[in-house]
Amino acid sequence: MTIPITLHGLKLETILVKLVEFYGWNELGNKINIRCFNFDPSISSSLKFLRKTSWAREKVEKLYLNTFSN
C-alpha cells in the first residue's frame with residue numbers, strides 16, 4: 001500500500017527548493033510560466049511572489065504533488 005504525498009507540514013520554501021533541484025529554473029519556468037521563474041530567478045524573490053499570489057502558489061503545490069507522488 002502506498003501512502004499519498006500531502007503538503008501537510010511542508011513549508012513553501014521546502015517545496016520550491018525541491019522543485020528547483022528536480023527541474024532546474026528553466027524547466028520550472030516552462031512548466032509554470034511566471035516571471036519570477038523565468039527572469040533572474042531566486043528562491044527569495046519567488047517566495048515573496050508566491051506568498052502574495054494564491055493562484056501561483058496553487059500551481060506550484062500542484063506540480064509538487066504531481067511530481068513527487070509517484
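The following paragraphs examine the structure supplied in this document. Treat the numbers as computed from the prediction; the structure is a model and nothing was measured.

**Side note on the nonpolar core**
- One finds Leu-28, Phe-37 and Leu-50 to be the most contacted residues of the largest nonpolar core, which totals 17 residues.
- If you tally residues by element for this core, the top one is helix α1 (residues 12-31), at seven residues.
- Sequence-distant contacts of Leu-50, that is, excluding residues within four places in its chain, are made with Leu-12, Leu-16, Ile-34, Phe-37, Ala-56, Arg-57 and Val-60.

**As for the packing of aromatic side chains**
- A complete count under the given rule lists five aromatic pairs for this structure.
- With 5.8 Å between their ring centres and 50° between their planes, Trp-25 and Phe-37 make a pair best called tilted. Here the residue Trp-25 occupies a position in helix α1, and Phe-37 occupies one in helix α2 (residues 35-38), the gap between them amounting to twelve residues.
- Relative to Trp-55, the ring of Phe-49 lies with its centre 6.3 Å away and its plane at 80°, an arrangement referred to as edge-to-face.
- Residue Trp-55 is classed as partly exposed on the basis of its relative accessible area of 45%.
- Feature note: the residues Phe-22, Tyr-23, Tyr-64 and Phe-68 constitute an aromatic cluster, connected by ring pairs.
- Across from the ring centre of Phe-39, 4.7 Å away, lies the NZ or CZ of Arg-35, which sits over that ring.

What counts, and where the lines are drawn
Each chain carries its own residue numbering, running from 1 in the written order of its sequence. Thresholds applied to this predicted model are a pLDDT of at least 70 for local features of residues and 80 or more for the giving and counting of side-chain atom pairs; totals over whole chains, interfaces and linings are not thresholded and use all residues. Just so you know, side-chain values use all the structure's heavy atoms and leave hydrogens and water out. Side-chain atoms within 4.5 Å are what join buried Ala, Val, Leu, Ile, Met, Phe, Trp, Tyr and Cys residues into a set we call a nonpolar core. Categorising residues by exposure relies on relative accessible area from a 1.4 Å probe, with only protein chains included: less than 20% of the type maximum marks a residue as buried, more than 50% marks it as exposed, and the intermediate range marks it as partly exposed. Numbering goes from the N terminus for both helices and strands, where a helix is a DSSP run of H or I of at least four residues and a strand is a run of E of at least two. By definition, residues are in contact when any of their heavy atoms lie within 4.5 Å. Classification of ring pairs rests on two measures: the distance between centres of Phe, Tyr or Trp rings, Trp counted by its six-membered ring, which must be within 6.5 Å, and the angle between planes, read as stacked under 30 degrees, edge-to-face over 60 and tilted in between. Note on criteria: charge over ring means Lys NZ or Arg CZ within 6 Å of the ring centre, with the direction from the centre no more than 35 degrees off the ring normal.

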